[in-house]
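Spelled out from the first residue to the last, the chains are:
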Amino acid sequence: MTYVEFFQSIKADKLAQTYYFWGEEDFLIKQAIEKVIEKAIDPDTADFSLDIFYGSETAGSKIVEIASSFPMLSDRRCVIVKELHRLKAQDMKAIGQYLKKPSKSTCFVMTAPKLNFKLSQNKIIKEKAVCVEFKALYDNHILPWIKRHLKKDGIQISDEAIRILHENTGNSLRELTNELEKVILNLNGRKTIETDDVRNVVGLSRGYSIFELSNAIGLKRLNRALKISKRMLELGESPIAIVTMLIRHFSILIKVKHGRQSNWPQSQLTKTAGVSPYFLKDYISQSNNFNNEQLQQSFHFLLDADVNLKTSYQSASMTLELLIYRLTKA
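So, how was this worked out
Residues numbered from 1 in each chain as written. Predicted model: local features only at pLDDT ≥ 70, side-chain atom pairs only at ≥ 80, totals over all residues. Heavy atoms only, no water. Helix = DSSP H or I, 4+ residues; strand = E, 2+ residues; numbered from the N terminus. Buried < 20%, exposed > 50% of the residue type's maximum accessible area, 1.4 Å probe, protein only. Contact = heavy atoms within 4.5 Å. Areas by Shrake-Rupley, 256 points an atom, 1.4 Å probe, with all protein chains shown as cover. Lys, Arg positive; Asp, Glu negative; His and termini not counted. Charge placed at Lys NZ, Arg CZ, Asp CG, Glu CD. Pairing = 2+ DSSP bridges. Right-handed = clockwise from strand over helix to strand, strands pointing away. Axes fitted to C-alpha atoms, helices over the stretch in contact; angles between N-to-C directions. Parallel < 35°, antiparallel > 145°, perpendicular 65-115°, else oblique. Left-handed = near helix turned anticlockwise from the far one by under 90°. Nonpolar A, V, L, I, M, F, W, Y, C, P; charged D, E, K, R; others polar. Core = buried A, V, L, I, M, F, W, Y, C linked by side-chain atoms within 4.5 Å. Salt bridge = Lys/Arg side-chain N within 4 Å of Asp/Glu carboxyl O. Phe/Tyr/Trp six-rings, centres within 6.5 Å; stacked < 30°, edge-to-face > 60°. Lys NZ or Arg CZ within 6 Å of the ring centre and 35° of its normal.

Caption draft 1: Representation of the overall build of the chain in the model. In terms of helices and strands, the chain carries 17 helices and seven strands. Counting only C-alpha atoms and orienting by the principal axes, one finds that the chain spans roughly 70 × 50 × 45 Å. With 330 residues in all, the chain has 46% of them scored as buried. Here the contacts in the chain between residues at least 6 apart in sequence split such that 74% fall between residues at least 24 apart. Roughly 17500 Å² of accessible area belongs to the chain as shown, and the carbon and sulfur atoms make up 49% of that amount. Measuring between centres, the 47 positive side-chain charges of the chain sit 5 Å from its 37 negative side-chain charges.

As C-alpha cells, this is what we get:
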C-alpha cells in the first residue's frame, strides 16, 4: 500500500489491526502514526490505552503481553513498536506469533527501515500486516503538499515563495516544515507568505539563492549569474552544493527539451521531468535558449567543475565563474 492509499483509507475510517510502516519520509510516518492513534483511541484514555515501545529497549514478550491484554476505559488499545529491526531474533519470533492471531481490540503498528522479507522472522509481517511505504516526495509533489499543509491553518503561500523554499531546503518534509514554522513566526499575524518572508528565513539576501542563480544561467544572463554566485559564496553556500543543484537544473532542462521535441502532453512532461506544472513554463522558456548539443556540452562543463572543486587547487570562486561563463555562452 502506498502512503496516499493509507491516508485515504484512514479518512474513510478503515483501520487495520496491524500495520508496518517504512520508508525515507519519516515526517509522513510520524503523521501516519498520529492518524492511527487518533482513529484508534479516545485521547482522554490515552494514558491507559496507548503504549509506545522501542525495539532497542523492550523484550518482544513484554510487547506481546501488552498488545494481548484488554484495554482499560476504552474499546480499543493502540500499541506502537518503533525500531522493530532492533529486536532480537527470539523477540521477533514472539511478535510473529502475535501477528498470526492479533487481539481484535488492539491496533498494532510497527516501524523500521525496509525489512528483508526473505528472512523467516519477517515473512509473517508481510503476510499479516498492512505494509505501507512512505517514499520521499518527488519535486512536482512538493508545491501541492506545502499548500495543503498550510491551508489547515488558513495560510496561503505564493508559488515563487515555495520554489525558493524548495530549492534551498530540499525535499525533506521535516526540514520544509521546520522552515515554514520559522516563516510563520515572523509573519506577525499575516496569513500570506511571500518570497521575502522565505528569504529572511533561509538566510539569503533578496535575489541570491540557487533558484535565482539557476534561472539567471538558464536565461543566459551572465552578469547577473556572476553577481549571484559571488554573493552566495560570501553567504557561506557550499560551491559543491551549488554545482550539484545546477546539474539537477540542467537535467530537467534536457528532459523538458526532449519532451517538447517529442510532442509530449503537459502531464507526461511534468511527470518525466519531475517538476510542478506551475513552473513548467519557466523550464520551457529556458530550454529554448539551448539546442541539444549545447545542453549535452553543459553537462561536461558541470562535471569538470565538480571534479575541480573536489580535487583542484583552483579557488572555488574562480571555478564557479568559469563554469557560469561556459554555461551562459554555450
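Moving on from the model shown.
Caption draft 2: Just the pairing of strand E2 (residues 50–54), in detail. The alternating pattern of E2 places Asp-51 and Phe-53 on a buried face and Leu-50, Ile-52 and Tyr-54 on a face that is not buried. As paired elements, E2 and strand E3 (residues 77–82) share five bridges and run parallel to each other. Among the inter-strand pairings, Tyr-54 is bridged to a residue of E3, identified as Lys-82. The β-α-β motif built from E2, the intervening helix H4 (residues 60–68) and the parallel element E3 has right-handed crossover chirality.

Caption draft 3: Molecular detail of unusual backbone geometry. Even without glycine at this site, Asp-13 takes up a positive phi of about 60 degrees. With respect to the element layout, Asp-13 can be found in the loop between helix H1 (3–11) and strand E1 (18–22). Of note in this structure, Glu-83 is not a glycine but carries a positive phi near 55 degrees. Checked against the element boundaries, Glu-83 lands in the loop between E3 and helix H5 (89–100).

Caption draft 4: Molecular detail of the packing of helix H9 (residues 173–185) against helix H10 (residues 195–202). Remark: H9 packs on H10, axes separated minimally by 9 Å, with the N-to-C direction vectors making an angle of 115 degrees. Between H9 and H10, the angle falls in the class roughly perpendicular. Crossing of H9 over H10 shows right-handed handedness. Taken together, the residues of H10 that come into contact with H9 (itself represented by Glu-179, Lys-182 and Val-183) are Asp-197, Val-198, Val-201 and Val-202. Looking at the contact of H9 with H10 residue by residue, the class counts come to four nonpolar, no polar and three charged.

Caption draft 5: Structural context of the nonpolar core. Among the nonpolar cores identified, the biggest contains 75 residues, and Phe-21, Ile-146 and Ile-193 are the most heavily contacted of them. Discounting residues that sit within four places of it in the chain, Ile-146 has contacts with Ile-157, Ile-162, Leu-165, Leu-176 and Leu-180. Of all hydrophobic cores here, the second largest spans 24 residues; its members include Tyr-20, Ile-63, Leu-87 and Met-110.

Caption draft 6: The sheet that holds strand E5 (residues 130–133), seen in detail. As summarised here, the arrangement of the five strands in space is E2-E3-E4-E1-E5, forming an open sheet in which the pairing is parallel. Of all strands in the sheet, those with a lone pairing partner are E2 and E5, marking the two edges. Each strand axis lies, on average, 15 degrees off the axis of its neighbour in the sheet, ignoring direction. Inspection of the sheet shows E3 paired to strand E4 (residues 106–111) by five bridges, in the parallel sense. Bridge assignment links Val-79 to a residue of E4, and that residue is Phe-108. Taken strand by strand, H5 contacts E1 and E4, and its axis lies near 140 degrees from that of E4.

Caption draft 7: Quick peek at the pattern of salt bridges. Throughout the structure, instances matching the rule amount to 14 salt bridges. Of the charged contacts, one joins Arg-86 and Glu-83 as a salt bridge, the two residues approaching to 3.7 Å between their closest N and O atoms. The salt bridge partner of Asp-159 is Lys-147, with a shortest N-O separation of 2.7 Å. Remark: Lys-147 occurs in helix H7 (residues 139–151) and Asp-159 occurs in helix H8 (residues 159–169); sequence separation between them is twelve residues. Under the relative-accessibility criterion, Asp-159 is labelled partly exposed at 24%. Relative accessible area serves as the criterion here: at 29%, Lys-147 is assigned to the partly exposed category. Taken together, the shared-partner salt bridges in this structure form one network comprising Asp-196, Arg-199 and Glu-212.

Caption draft 8: Molecular detail of the environment of Leu-176. Counting through the fold element by element, Leu-176 comes out in helix H9. Separated by 17 residues in sequence, Leu-176 and Asp-159 have C-alpha atoms that sit 15 Å apart. Those residues in contact with Leu-176, other than ones at most four positions away along the chain, are Ile-142, Ile-146, Leu-165, His-166, Thr-169, Gly-170 and Asn-171.

Caption draft 9: Seen up close, the packing of aromatic side chains. In the structure shown here, the tally under the stated rule is twelve aromatic pairs. Each ring, one from Phe-6 and one from Phe-21, has its centre 5.2 Å from the other, and the planes form 70 degrees; the classification is edge-to-face. Taken as a pair, Phe-6 in helix H1 and Phe-21 in strand E1 lie far apart in primary sequence, 15 residues in all. Since its relative accessible area comes to 0%, Phe-6 is described here as buried. Look at Phe-7 and Phe-134: their rings are 6.4 Å apart centre to centre, the planes differ by 75 degrees, and that puts the pair in the edge-to-face class. Taken together, the residues Phe-7 in helix H1 and Phe-134 in the loop between E5 and H7 connect sequence positions 127 residues apart. Site record: aromatic cluster; members linked through ring pairs are Tyr-3, Phe-6, Phe-7, Tyr-19, Phe-21 and Phe-134. Stacked on the ring of Phe-290, the Lys or Arg Lys-220 has its end atom at 4.5 Å from the ring centre.

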